[in-house]
Structures are given as structure tokens and as C-alpha cells.
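One letter stands for each residue in the lines below.
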Amino acid sequence: MSVRGESVSCRPRVSCRAANRRSSPYRPLFALLVFAGLVITGPGWAQAQRDLLKTPYIQRLPGVEPFFAERGHLIAPENRSRSDSKLVQVSYARLPSTAKQPGTPIFYLSGGPGDAIVGDFVNNDFDGDFWDPFLAMIQDFRSVADVILVGQRGAGLSVPYMGCPNQLELVSPRDYFDAQKLLEARRRYARECRTAWRTAGRDLDGYTAFELADDVNDLRLALGFDKVVLTGGSFGSQMSFTLVRRYPEMIDKLVLRGLEDTADTLDQPSGYLDAMRLILADAEKDPAIAARIPEGGILNAIEVLIKTLEAKPMDIDGMSVPLTADLVRWLWRQDPGGWRLGERMGPHLWPANLLPMFHGDFSSVARAVNALSKRAASFSDNGPVAMSSAVDCSLSPAYSVWQATLARVPAFFLFGYPYLSLISVCDEWTTRRAGKDFLQRIESDIPALFFQGTTDMATPFTSNAEQIVPGYSNAYLVVVERSGHNPITDLYLERPDVVRPLILNFLREKNLAAGLKRVELPPVRFDVPDPPSASSQ
């Protein structure tokens, strides 16, 4: 198969349902180059320590004695398909093992794309509830082997940082919910950003999932490792699955959560609906809110409301735009103060926000819509938009193909789709896209420990994990009932007695027989909606 000039072929340990493996890393021959004071010679990128910029630093973790760790950058071509490519620096941090005889190094691949995990550690920035269970997991990893936090080109502490200079208002707040105007604005925004970076001498075609995977492999070579364990979640799992296709020989084991294969950049609305039904089932059983549930259930009420609004939108007091069917669909998948259901503790606010609407009280809807419209003035959210958009687009199907797919999905009526405006302008971000063979499911015998939450609406269980796992003959799947996008951290918080032995035994060469384990977490405590106001009854 060819991916815009990238030749790939099948490799040992991974059998192809389609020919979709990369035969070898492309290593362009550079003359003597000076980069940040470092002279790099020869065609073998990342073959020796001279291809790393590194320095020790003091790592401080909560509740742990400070220790010396290593931070640095891999020097790599920006676009390996070009012999005249400029160079980039890809950040990493290496946390030493506490074991007397460390095992196979563990590469933690962060999410996003665009997450800044390396900077969080280097800057000792661990503010928020997420960090306690996550750091407990990292410490368990360190008890087995060195942990290498792998950054992403164009993001975090990597150089250059690929944001966008055009931080002006994308569209007016009122036009933010006009699909056509928003699409035109996103296309203009992408074109202006790409042009700005091209003028600065940078190549956005170097910011793809393929180049990120090559960075991971080159970092492994530069650090002198034969094999590594890959761990991560969401895009971190997608990057791991990309590496399974390109470099299966480098992978000893996989420990992944929130599974997202190369074909799963754009999640299926049917997966959203399956997760939603589970959440709604718990909500409708909660005695504190049962009296507020509409006849026929919440899902039926939403469907009726969407049909009503398709016939005639509503003007709502205090809301900047009319309430339309598309706007209700939008609210299902956004996060203004608890609407989004991707996290385990996210749904507890949701009925309190939504249920009053069925009793004529639209105040929470107005607050949510007004909060969303403010994003019009800050489309990029000051993140590495150029990098993250180009990477996502490199693993996205053509817009016309995805439109045709969605037209056949009944759940699309309820949810719409959040990524249509992204993939519709993908050609503005990058010309390097995966071919259909690379996006096919594959089969592999690499030992894997997978964790998946049943109420994950970011990487849905039924449309992702249930399709991925059968292809891995040595996979052990832990299904976490009522967990969202971070089932491992949920288990570290609520069931450490389950998750810690599983992970530690697996990493310590005690491979698990292929199988499935279900772990049930208790129901979420939902917030109780305010009583209906007199004016809404």
C-alpha cells in the first residue's frame, strides 16, 4: 500500500487483513547540519546518543522523595519524505525505575493529539483531581521499569510549537451555530494558519500520525532500547495501534485504555448512543429524580423535541440564538458545565441541566448555549491547533466517504456529528492522508492488556473496543462498567485492589491468558434538578 509516497508492508507478529505495514523507516541523507549547537551527520537518524539533547532535572511528585530524572529532545526531520526537510525537536522525559533490576522500558504516549504530558512533569505541575490516580499508576510503572514520557512534535515542550497565529474571532457568537458559516470560517482559519507557517518556513505535511510514530521509534533507537512497552489512552492508544502497524518488532506489550484504532478518529454516533443508554438507565432508576423523568423516558423525550424543533425552532428568553434541532444535538456532545458524558463523574450534572427543559424551563439550555457561543472568539483555545488538526486529518477518511456513512446511521438523527467541520477542511491542513488499507482492522499476537469503560463517549465501547479486541489473539480486556474515558484512573481511585495486580503482574512477565474481565463500579450520584418554577408549569 502507498500512503502519499509512504511504502508499507506486512511485518512479523502482525498479520494483515490488508497490506498495511511500513517496511522500514525512511532515513534521508543529510549533509552536516547545525541545529541548536548540535552537529548531526549521516543518514541514520536517531541511531546514536548524539541525536538527543538531554539534561538531568529534579522530579518532584506529591508524596515522593525528589529524584533525578532526565529531560531532553529527539532531533528529527520535520518531513521525512523530503530530503531538504528542516529539523524539529521532540520532547521527552525519562523517569528512572525504582526496581533493582528494571524490566522492559515503558513508553507513555500522551493523548490529544496535542497533550503536554512532558511539560507537566518537567514543571512539576500536578494540579487537579486527575493526577492522584495517574501518578499512582506511574509509580507502579516505575516499580517495574524506566518510564519514558514521549512528547509530540509541534506540541508541549517540543520545538516548534505549532499553534496558529490567527487568534481573532472565528465567527460572530450568533453565527457560531450556523453550520455553513462556521464551515467557511474554519476553512479560512485553516488556510490562513497553514499559509502563516509556510511563510515561516515550516511544513504542516510533517505533522501526521506517521511522523509521530517514526519519532517514537527513533527515540527508542536513540535511547538504545531493543523493545518497549507502549501505554496510553485515547490518542495515545491510537498512536500505539499506528506503531503496531509500522513497527511491531519494537513492541513488547501494550497496556491501553480508551481504545482508538487508526480507523477510529471519527467515532460512530451509534457508539455514543449505546453509552448514553447505559447512563440514562441509571439516571431513570435514581429515586431522587425519577419523578422528573418524562413519560417514555429521556431518550424518547429528546427525540420528540428534536422532531418538534425541526418543524419550528423556538425563541428562548435569555438565549442569543433560537433553539433549533441542531442546537439540541450540539448540546449532547459539548461540555458547558457538565453536559458532556465522556467522564465517569461528568454525567452527575447532566439530568439537572437537561430535565427542566422537558417541563418548560429552558434557563439551563440558555446558559449552555451562551457559554458555547463565546468559543467563537477563541476557536483555537490557544492549543497546538495546526499540529493537532493535521495529525487528526492524517487518520481521517475523506469527507464525502464519512458523509455517506453517517447518512446510514440512525443514531445520527439524535447526535449529529461533532467532527464534520474538522474533516470537511482536512485538505487545508495536510495532504498526507492514510489510505483505506491502513485504516482496516488488523490481527496481532502482541500481548495486550486493554481497559475500556462502558459509558465512554469519547472512544465508545461498542464501536471501538468490541471491534478492535478480536484481532489481538493475546489480549486481556477489562471492561469497567459505568466508567468513562479513563477506566484505569477510575479503577485506581475506586478499585485499586483489582487494577494494580493486573497491571503489575502483566508487566512483570506474567502474561495473562486471553480473556475478559468485568468490573462494576457503583452508579453515579446524579444532581437533583430544581423544582419546576411556577412560570414553567
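Quick caveat, the model's predicted, so the values are computed rather than measured.

1. With respect to the sheet that holds strand β12 (residues 251-257)
Move 1: With respect to topology, ten strands assemble into an open sheet ordered β6-β7-β8-β10-β9-β11-β12-β14-β15-β16, the strand pairing being mixed. Every interior strand has two partners, whereas the edge strands, β6 (52-59) and β16 (515-520), have only one. Across the sheet, the mean angle from the axis of one strand to that of its neighbour is 20 degrees, orientation sign disregarded.
Move 2: Across the sheet, helix α5 (residues 235-246) lies against β9 (106-109), β11 (228-233), β12 and β14 (448-453), angled at about 155 degrees from β12, the strand it touches most.

2. Regarding a negative patch on the surface
Move 1: On the surface, D125, D127, D129 and D132 cluster together to form a negatively charged patch.
Move 2: Residue placement: D127 occurs in the loop between α1 (117-122) and α2 (131-142).
Move 3: On the basis of relative accessibility, which here comes to 71%, the residue D127 falls in the exposed class.

3. So, the confidence of the model for the chain
Move 1: Per-residue pLDDT for the chain averages 82, and the proportion of residues at 70 or more is 82%.
Move 2: Here residues 16-50 is a poorly scored stretch, pLDDT under 50, and it has 110 contacts once near neighbours within four places are set aside; other chains count.
Move 3: Within the model, pLDDT remains below 50 along residues 335-342, and this stretch shows 33 contacts once partners closer than five positions in the same chain are excluded.

4. A short note on helix α17 (residues 487-494)
Move 1: Counting buried positions along α17 yields six of eight residues, so the element is predominantly enclosed.
Move 2: Buried within α17 are the following residues: P487, I488, T489, D490, L491 and Y492.
Move 3: The inward-facing, buried residues of α17 abut α2, β12, β14, β15 (475-481), α18 (496-507) and β16.

About the criteria used
- Residues numbered from 1 in each chain as written.
- Predicted model: local features only at pLDDT ≥ 70, side-chain atom pairs only at ≥ 80, totals over all residues.
- Heavy atoms only, no water.
- Pairing = 2+ DSSP bridges.
- Helix = DSSP H or I, 4+ residues; strand = E, 2+ residues; numbered from the N terminus.
- Axes fitted to C-alpha atoms, helices over the stretch in contact; angles between N-to-C directions.
- Contact = heavy atoms within 4.5 Å.
- Patch = residues over 30% accessible without salt bridge, like charges linked within 9 Å, V, L, I, M, F, W, Y side chains within 5 Å.
- Areas by Shrake-Rupley, 256 points an atom, 1.4 Å probe, with all protein chains shown as cover.
- Salt bridge = Lys/Arg side-chain N within 4 Å of Asp/Glu carboxyl O.
- Lys, Arg positive; Asp, Glu negative; His and termini not counted.
- Charge placed at Lys NZ, Arg CZ, Asp CG, Glu CD.
- Buried < 20%, exposed > 50% of the residue type's maximum accessible area, 1.4 Å probe, protein only.
- pLDDT = per-residue confidence, 0-100.

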